[in-house]
Amino acid sequence: WQSSVSRQKYFDNAIEELIRNVELQLDDTTIKQQYQAVAFLFVSQFHTYNFADIVHKVYEGLDQKVVLLSLIGGGVIGENEEFDESTPVISMLWGVVPPGAKAYSYFDGPKQSMAALFPPPSLASSGRQNSRIVFADPWFDVEESILSNSGRNDIVIGGISCPSAFADEFRPTVAINGTALPQGSAVGISFTGSFGIQAIVAQGCRPVGPVFTITSAEGNTLREIDGVLALIQLERVASKASIHDILLMDRNGLLCGISEKKKNNSNNDGTTSATTTTTSSMNNKDPPNDVMIRQIEGMQELQVNSTGLGGGALTLNVKALREGDQFQFYVRDGDAAQEDMEDKMRRAKVERLFEGQSAGMPVAAIQITCLSRSRSFFGSPNVNLKLIQQELLGKIDDKVAIPVGGFFAKGEIGPSIPSVTGGTTTDIHTFTTVVGLLCDYSSATTSDETLSGGE
């Protein structure tokens with residue numbers, strides 16, 4: 001697998017440079033040996049108006065012999081660098097799947113069935129979780145079409161494209177092979193056989209205040225937590241917060257974390273959770289172990305609450321809240337984001353060591369990072385990428401064994417509890433970095449039972 005980047009301002013020159021790099025690495029011999037080629041094209045917002053032409057010409061330049069997924073990102077990643085949205089950059093990650101593996105591409109949209117992104121059961125690999133990569137535009141209903149159709153042990157990663165604020169709303173931002181798709185579309189690829197994905201999700205926030213229980217909610221409106229109006233609880237948390245946390249709230253806004261009521265500290269496969277783990281000395285409740293970070297969209301005045309008094313509620317960026325789930329306030333913090341990412345990369349690396357050959361051989365990585373986790377957030381460039389390379393991939397003396405490509409997204413798709421042996425559910429994340437480690441399992445000699453995490 002290889003990563004290639006073109007910084008050419010004119011897209012025709014950029015395409016020519018990319019195709020030339022591919023031809024040097026991926027010659028006709030590879031195709032003749034019936035190795036299936038796959039490519040991911042990440043286009044910066046600078047090239048928004050030429051996106052449809054770019055994907056068509058790249059596909060033609062590759063002689064239509066690859067499965068090609070493309071999208072516009074709010075910045076792209078490739079050749080050991082993260083580029084912001086204003087830079088004229090096109091990045092491509094490409095390679096071949098091993099013998100015994102197959103890649104199936106799919107697309108969904110206004111004229112397609114809701115299950116178009118998913119292969120029939122006959123295509124599913126036995127003994128290993130199905131692995132999928134999905135790119136959707138902001139108008140596509142990811143929750144309805146993708147999350148609800150994902151199996152509990154499926155490994156699904158992906159992200160939401162990031163249209164330019166200066167482009168008209170009808171410009172396409174995702175494409176499959178040589179075709180850019182209309183607004184409200186998604187593209188995907190499913191790997192079966194001896195090729196798959198290990199997913200890692202790293203959060204970018206840390207908790208402020210105690211863990212609460214949702215005691216009254218309607219739709220996406222949070223009325224009460226721990227039997228007290230949500231706005232009153234927020235005021236109490238703010239009054240006890242440090243000056244540093246108050247500044248973070250003012251600068252970056254306030255977020256929240258929602259989790260199902262915690263039953264135990266371990267997953268069904270015996271591994272510990274790999275998502276955000278919180279600590280708090282302000283309460284005696286167990287912290288949630290698989291937090292979904294969401295934005296607080298606003299406040300809402302209530303006429304009356306369960307105690308017969310009026311007051312304020314909070315409106316959250318979720319479809320529906322559930323009473324009994326756990327809730328905590330969060331702030332975006334660059335230091336906490338780096339610490340969490342270091343921890344997740346190291347833990348994933350240790351998991352791979354314990355899994356041995358059954359973890360597969362990594363050949364490439366896809367990095368999908370929230371648009372807000374850029375240079376301005378950390379104060380220095382390439383922070384996400386460097387942590388992936390150093391902590392997960394083992395970067396030594398500026399040399400990386402496998403290539404990394406990706407983009408800055410408007411939303412990240414990944415497991416809620418990622419591990420080598422699969423996640424529990426697939427969710428839309430915010431302020432995270434999702435890493436998809438593409439792995440070759442053709443040399444694995446363990447049984448299907450071992451691969452699925454059994455005894």
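Here is what the cut-offs are and how they apply
Residues numbered from 1 in each chain as written. Predicted model: local features only at pLDDT ≥ 70, side-chain atom pairs only at ≥ 80, totals over all residues. Heavy atoms only, no water. Helix = DSSP H or I, 4+ residues; strand = E, 2+ residues; numbered from the N terminus. Buried < 20%, exposed > 50% of the residue type's maximum accessible area, 1.4 Å probe, protein only. Contact = heavy atoms within 4.5 Å. Areas by Shrake-Rupley, 256 points an atom, 1.4 Å probe, with all protein chains shown as cover. Core = buried A, V, L, I, M, F, W, Y, C linked by side-chain atoms within 4.5 Å. Pairing = 2+ DSSP bridges. Axes fitted to C-alpha atoms, helices over the stretch in contact; angles between N-to-C directions. Arc of directions from axis to C-beta. Phe/Tyr/Trp six-rings, centres within 6.5 Å; stacked < 30°, edge-to-face > 60°. Salt bridge = Lys/Arg side-chain N within 4 Å of Asp/Glu carboxyl O.

(A) Up close: the overall build of the protein. Within the protein one finds 10 helices and 25 strands. Within the protein, the fraction of its 455 residues that count as buried is 56%. Here the contacts in the protein between residues at least 6 apart in sequence split such that 80% fall between residues at least 24 apart. Accessible surface, the protein: about 19,500 Å² in total, of which carbon and sulfur atoms supply 48%.

(B) The arrangement of the nonpolar core in detail. If you look at the biggest cluster of nonpolar residues, it comprises 37 residues, and the most contacted ones within it are F40, I133, F135 and F191. F135 has contacts with F40, F42, L69, L71, G158, G159, V174, A186, V187, I368 and F407, leaving out every residue within four places of it along the chain.

(C) Focus on the environment of G100. Take G100: it is sitting in the loop between β6 (90–96) and β7 (101–108). Residue classification places G100 among the exposed residues on the basis of a relative accessible area of 66%. For the pair G100 and S442, spaced 342 residues apart in sequence, the C-alpha to C-alpha distance is 7.2 Å.

(D) Local environment of the pairing of strand β15 (residues 221–225). Along β15, four of the five residues are buried, which leaves the element largely enclosed by surrounding structure. Note that strand β14 (residues 205–218) and β15 share four bridges and pair antiparallel. Bridge pairing in β15 places I214 opposite I225. Between the antiparallel neighbours β14 and β15 lie two residues, among them G219 with a positive phi of about 65 degrees.

(E) Representation of the sheet that holds strand β4 (residues 75–78) within the structure. Taken in spatial order, the six strands of this open sheet run β5-β4-β22-β21-β25-β13, and their pairing is mixed. Looking at the sheet topology across the chains shown, the edges are occupied by β5 (81–84) and β13 (195–202). Neighbour-to-neighbour, the strand axes of this sheet turn through a mean angle of 15 degrees, independent of strand direction. Strand direction decides the pairing type here: strand β21 (residues 361–370) and strand β22 (residues 404–409), joined by six bridges, are parallel. Paired with Q367 across the bridge in β22 is G406. Against the sheet, helix α7 (residues 334–355) engages β13, β21 and β25 (433–440), with an angle of about 145 degrees to β13.

(F) Just the environment of S86, in detail. Locating S86 in the fold gives a position in the loop between β5 and β6. With a relative accessible area of 51%, S86 lands in the exposed category. Along the primary structure S86 and F46 are separated by 40 residues, whereas in three dimensions their C-alpha atoms are 5.9 Å apart.

(G) View of helix α5 (residues 230–240). Within α5 the residues assigned to the buried category are A230, L231, Q233, L234 and V237. In an axial view of α5, the angular spread of the buried residues amounts to 155 degrees, which keeps them on one side of the axis. In α5, the exposed positions angled more than 90 degrees off the buried face are occupied by S239 and K240.

(H) Structural view of the packing of aromatic side chains. The final tally for this structure, using the stated rule, is nine aromatic pairs. On the basis of an interplanar angle of 70 degrees and a centroid distance of 4.9 Å, the ring pair of F191 and F195 is categorised as edge-to-face. For the residue pair F191 and F195, the accessibility class agrees, reading buried in each case. Members of the aromatic cluster, each reached through a chain of ring pairs, are F40, F42, F135 and F407.

(I) Layout of the pattern of salt bridges. Summed over all chains, the structure comprises 12 salt bridges. One salt bridge connects R206 with D333, and the closest N-O pair in it is separated by 3.5 Å. Note that R206 is positioned in strand β14 and D333 in the loop between β20 (326–332) and α7, a separation of 127 residues in sequence. Here D333 falls in the buried class, since its relative accessible area comes to 6%.

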